[in-house]
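Residue strings, one per chain:
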Amino acid sequence: YGIVVQSSERPGAKRAGEDRETLYRLNERAAAYFHEALFGRPEGKRALDYLKSRGVDEGSARRFLLGYACPASLGLAELLKKENLSLKDAVRLGLVSDRGSGHYGDKFLDRLIFPIVNPAGKTVGFGGRVIGDGLPKYLNSAETPLFRKGSNLYGLYQAREAIRKTDRVIIVEGYLDVIALSQF
């Protein structure tokens with residue numbers, strides 16, 4: 001029709017989008033690392049036993065991509081360093097802490113890990129429940145460019161098909177409550 005359409009891309013929008021994708025990739029790598037630790041390492045058995053004691057079956061643990069953060073304080077930080085992923089971005093995401101002089105340490109230690117996934121299926125943050133008697137009982141990702149605590153509903157991504165089919169939503173408080181409802 002002869003109408004000229006001009007691009008109205010904001011300055012810096014492309015860079016911001018690339019930055020977000022880098023952060024998503026870091027979170028996805030961390031989620032895979034935690035998941036592998038839960039199911040593929042001897043240290044993960046304790047967390048698996050805890051899940052079983054709470055009635056969570058393996059299928060549900062896999063469906064929600066649950067993981068385990070080992071007690072060693074350098075597991076994830078060392079992996080990210082080895083894979084040449086940005087430790088500074090990992091600090092921004094609250095995955096590791098900067099201990100100065102180029103030393104980094106993991107934030108989540110000896111915890112069952114609940115990846116928090118947005119409706120598009122991208123990991124935006126993590127919740128970690130201590131195994132045993134440590135404090136704090138729950139440790140969550142800090143506010144980041146990807147994660148705002150009041151803007152994410154845990155389990156929504158996994159429930160989206162059931163919500164469409166039933167035209168209903170049941171909201172509960174805890175991570176394990178969500179998984180239990182999904183499971184049953």
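All of the points below concern the structure found in this document.

The rules behind each value
Residues numbered from 1 in each chain as written. Predicted model: local features only at pLDDT ≥ 70, side-chain atom pairs only at ≥ 80, totals over all residues. Heavy atoms only, no water. Patch = residues over 30% accessible without salt bridge, like charges linked within 9 Å, V, L, I, M, F, W, Y side chains within 5 Å. Areas by Shrake-Rupley, 256 points an atom, 1.4 Å probe, with all protein chains shown as cover. Salt bridge = Lys/Arg side-chain N within 4 Å of Asp/Glu carboxyl O. Helix = DSSP H or I, 4+ residues; strand = E, 2+ residues; numbered from the N terminus. Buried < 20%, exposed > 50% of the residue type's maximum accessible area, 1.4 Å probe, protein only. Arc of directions from axis to C-beta. Core = buried A, V, L, I, M, F, W, Y, C linked by side-chain atoms within 4.5 Å. Contact = heavy atoms within 4.5 Å. Pairing = 2+ DSSP bridges. 1 Å grid on protein atoms, 1.4 Å probe; cavity = no way out; pocket = protein on both sides within 12 Å on 5 of 7 lines; lining within 4 Å. Points joined across faces, edges and corners; volume = space filled by probe spheres on them. Nonpolar A, V, L, I, M, F, W, Y, C, P; charged D, E, K, R; others polar. Axes fitted to C-alpha atoms, helices over the stretch in contact; angles between N-to-C directions.

### Considering a nonpolar patch on the surface
Here is step 1 of the chain: Where nonpolar side chains cluster on the molecular surface, the patch consists of Tyr1, Ile3 and Val5 and spans about 530 Å² of accessible area.
Here is step 2 of the chain: The topology assignment puts Val5 in the segment before helix H1 (13–40).

### Brief notes about helix H2 (residues 45–53)
Here is step 1 of the chain: Among the residues of H2, Ala47, Tyr50 and Leu51 are the ones counted as buried. Mapping the buried residues of H2 onto a view down its axis gives an arc of 100°, with all of them on the same face. Projecting away from the buried face of H2 at angles above 90 degrees are the exposed residues Lys45, Lys52 and Ser53.
Here is step 2 of the chain: Looking at the residues trailing H2, positive phi occurs at Gly55, about 80°.

### Remarks on the environment of Val178
Here is step 1 of the chain: On the secondary structure map, Val178 appears in helix H7 (residues 175–183).
Here is step 2 of the chain: Judged by relative accessible area, which is 16%, Val178 ranks as buried.
Here is step 3 of the chain: As for Val178 and Leu26, which are separated by 152 residues in sequence, their C-alpha atoms are 25 Å apart.

### Concerning the nonpolar core
What tends to happen in soluble globular proteins is that the nonpolar side chains get buried as a cluster.
Here is step 1 of the chain: Ranked by size, the top nonpolar core spans 44 residues in total, and within it Phe34, Leu66 and Tyr154 carry the most contacts.
Here is step 2 of the chain: Contributions of two or more residues to this core are made by H1, H2, strand E1 (67–69), helix H4 (75–82), helix H5 (87–92), strand E4 (111–117), strand E5 (123–130) and H7.
Here is step 3 of the chain: For this core, the leading source of residues is H1, giving nine residues.
Here is step 4 of the chain: Residue contacts for Tyr154: discarding those within four places in its chain leaves Phe64, Leu66, Phe114, Pro115, Ile116, Tyr175, Val178 and Ile179.

### Points about the pairing of E5
Two faces make up the sheet, and in a regular strand the side chains alternate between them.
Here is step 1 of the chain: Most of E5 sits inside the fold, with eight of its eight residues counted as buried.
Here is step 2 of the chain: Relative to E5, E4 runs antiparallel, the two sharing seven bridges. Bridged to Leu112 within E5 is Arg129.
Here is step 3 of the chain: Connecting E4 to the antiparallel partner E5 that follows it, the hairpin turn spans five residues, and Gly121 within it adopts a positive phi of roughly 90°.

### Description of the layout of surface pockets
Here is step 1 of the chain: Here the largest pocket is characterised by a volume of approximately 740 Å³.
Here is step 2 of the chain: Surrounding the largest pocket, 29 residues form its lining, Tyr154, Gly155, Ala159, Ile170 and Val178 being those nearest its centre.
Here is step 3 of the chain: Elements with a contribution of two residues or more to the lining of the largest pocket: helix H6 (156–166) and H7.
Here is step 4 of the chain: In terms of residue count, the dominant contributor to the lining of the largest pocket is H6 (seven residues).
Here is step 5 of the chain: In terms of residue class, the lining of the largest pocket is built from 17 nonpolar, seven polar and five charged.

### Some points on the sheet that holds E5
Sheet strands pair by backbone hydrogen bonding; their relative direction is either parallel or antiparallel.
Here is step 1 of the chain: Read from one edge of the open sheet, four strands run E1-E4-E5-E6, paired in antiparallel fashion. Each end of this open sheet is capped by a strand with a single partner; those strands are E1 and strand E6 (138–140). Here the average twist between neighbouring strands, direction ignored, is 30°.
Here is step 2 of the chain: When E5 meets E6, the two strands line up antiparallel, connected through three bridges. Residue pairing for E6: Gly127 is matched across the bridge by Asn140.
Here is step 3 of the chain: Here H2 sits on the sheet and contacts E1, E4 and E5; the angle it forms with E4, its principal contact strand, is near 75°.

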